[in-house]
Amino acid sequence: MAQVGETKGIILFSRDYKEKDKLIKIFTESAGKVMFFAKGLHRPNNPLQTAVQPFTEAVFIGNLKTDGLSFLNSAKEIHPLRKLQEDIFLNAYGSYILGLADAAIEDHVYDPALYTFTREALEQMDKGADGETIMNIFEVQVMQRFGVSLNWQACGVCGKKTGAFDFSSKYNGIICQDHWQVDQHRYHADPRAIYFIRLFNSVTYENINTINLKPETKKTIRQTLDQLYEEYIGLHLKSKKFIDQMSEWQDVLKPKDEK
Ligand SMILES: [Zn+2]
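Not measured: the values here are computed from a predicted model. (Residues numbered from 1 in each chain as written. Predicted model: local features only at pLDDT ≥ 70, side-chain atom pairs only at ≥ 80, totals over all residues.)

Caption draft 1: Highlighting the overall build of the protein chain. Scanning the protein chain from terminus to terminus reveals eight helices and seven strands. Expressed as lengths along the three principal axes of its C-alpha atoms, the size of the protein chain is roughly 65 × 45 × 30 Å. When each of the 259 residues of the protein chain is scored for burial, the buried share is 31%. Long-range contacts, defined as pairs at least 24 residues apart, comprise 56% of the intrachain contacts of the protein chain with a sequence gap of at least 6. (Helix = DSSP H or I, 4+ residues; strand = E, 2+ residues; numbered from the N terminus. Buried ≥ 20, exposed ≤ 12 C-beta atoms within 10 Å, placed from the backbone. Contact = placed C-beta atoms within 7 Å.)

Caption draft 2: Focus on the UniProt feature "domain: DNA replication/recombination mediator RecO N-terminal" (unreviewed entry) in the protein chain. UniProt marks residues 6-79 with the feature "domain: DNA replication/recombination mediator RecO N-terminal" (unreviewed entry), using the numbering shown here. Taken end to end, residues 6-79 is 5% helix and 64% strand, and its two terminal C-alpha atoms sit 16 Å from one another. (UniProt positions renumbered as here; feature names shortened; annotations may be inferred.)

Caption draft 3: Broad picture of the nonpolar core. Within the largest apolar cluster, 56 residues are counted, with the highest numbers of intra-cluster contacts made by Ile-26, Tyr-93, Ile-97, Phe-138 and Ile-197. Per-element accounting of this core gives the leading share, nine residues, to helix α3 (residues 88-104). Every residue in contact with Tyr-93, bar those within four places of it in the chain, is listed here: Met-125, Gly-131, Glu-132, Ile-134 and Met-135. (Core = buried A, V, L, I, M, F, W, Y, C linked by C-beta atoms within 7 Å.)

Caption draft 4: Fine view of helix α7 (residues 215-232). Spanning 18 residues, α7 covers 25 Å between terminal C-alpha atoms, matching the ideal 26 Å at 1.5 Å per step. Residues of α7 that are buried include every one of Ile-221, Thr-224, Leu-225 and Leu-228, and no others. The buried side chains of α7 occupy one side of the element, clustering within an arc of 100° when seen end-on. Seen from the open side of α7, the exposed residues pointing more than 90 degrees away from its buried face are Glu-216 and Glu-230. On the buried face of α7, the contacting elements are α5 (131-142), β6 (165-168) and α6 (191-202). (Expected span 1.5 Å × (residues − 1). Arc of directions from axis to C-beta.)

Caption draft 5: Inspection of the pairing of strand β5 (residues 70-80) at higher detail. Here strand β3 (residues 32-38) pairs with β5 via two bridges, running parallel. When the sheet's bridge partners are listed, Phe-37 is paired in β5 with Phe-71. Looking at chain direction, strand β4 (residues 56-65) and β5 are connected through seven bridges and run antiparallel. Note that in β5 the partner of Thr-56 across the bridge is Pro-80. Counted along the chain from β4 to the antiparallel partner β5, the turn is four residues long, and its residue Gly-68 has a positive phi close to 75°. (Pairing = 2+ DSSP bridges.)

Right under this line is the structure:
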């Protein structure tokens, strides 16, 4: 079935198809992730030229099919996220967020909540919120879409909600310091990392301006999230590999006052 229509969407990726055409994958608000075919993008003044750039939101107009290729005809209300397009760090974090959104659900699955959550992540980064923190919040909360539900609320043994915690695979969630001995294979994570991951699990992006993380804390959060993703998701995205490499030369490249 096909229907001509318009939908808000975010570009996931695009690639050339033959000389003059493109295949473009868009996370749409009204029909989930859809692969579109677009002809004649080389024509001058074709609004699609700017609309299909990475990190662009727009209202896309086309022939939407529930299976197979859909056809993209035009676009309006084009909103490029300039900082993400221009800053190599934000570009990397944003690419990973889009890669996770793409991997988390099947194509054509209507998921306006994930759409909004993804769009907001990118927009907050574009407005100047800390890219790594936004990415971490996204990583923690999107795990649910992969079918992974972890207990970040309270100790899996006694129900305690405050104090120092570690993560236990045995309990699929946190355990308090009093019960660290129940799981020899607990993560031995930095309690600060667990503290912030618990926070990230429940926070909204708008509230993160109060969170100011030191580089060492960010590093321990990164390590713990990597451990969680390795164990529960097992995804190896190119964009993530790039972030790993980037962190090695990041300190050298970033101006001192941003450290
Ligand atoms: Zn306990």
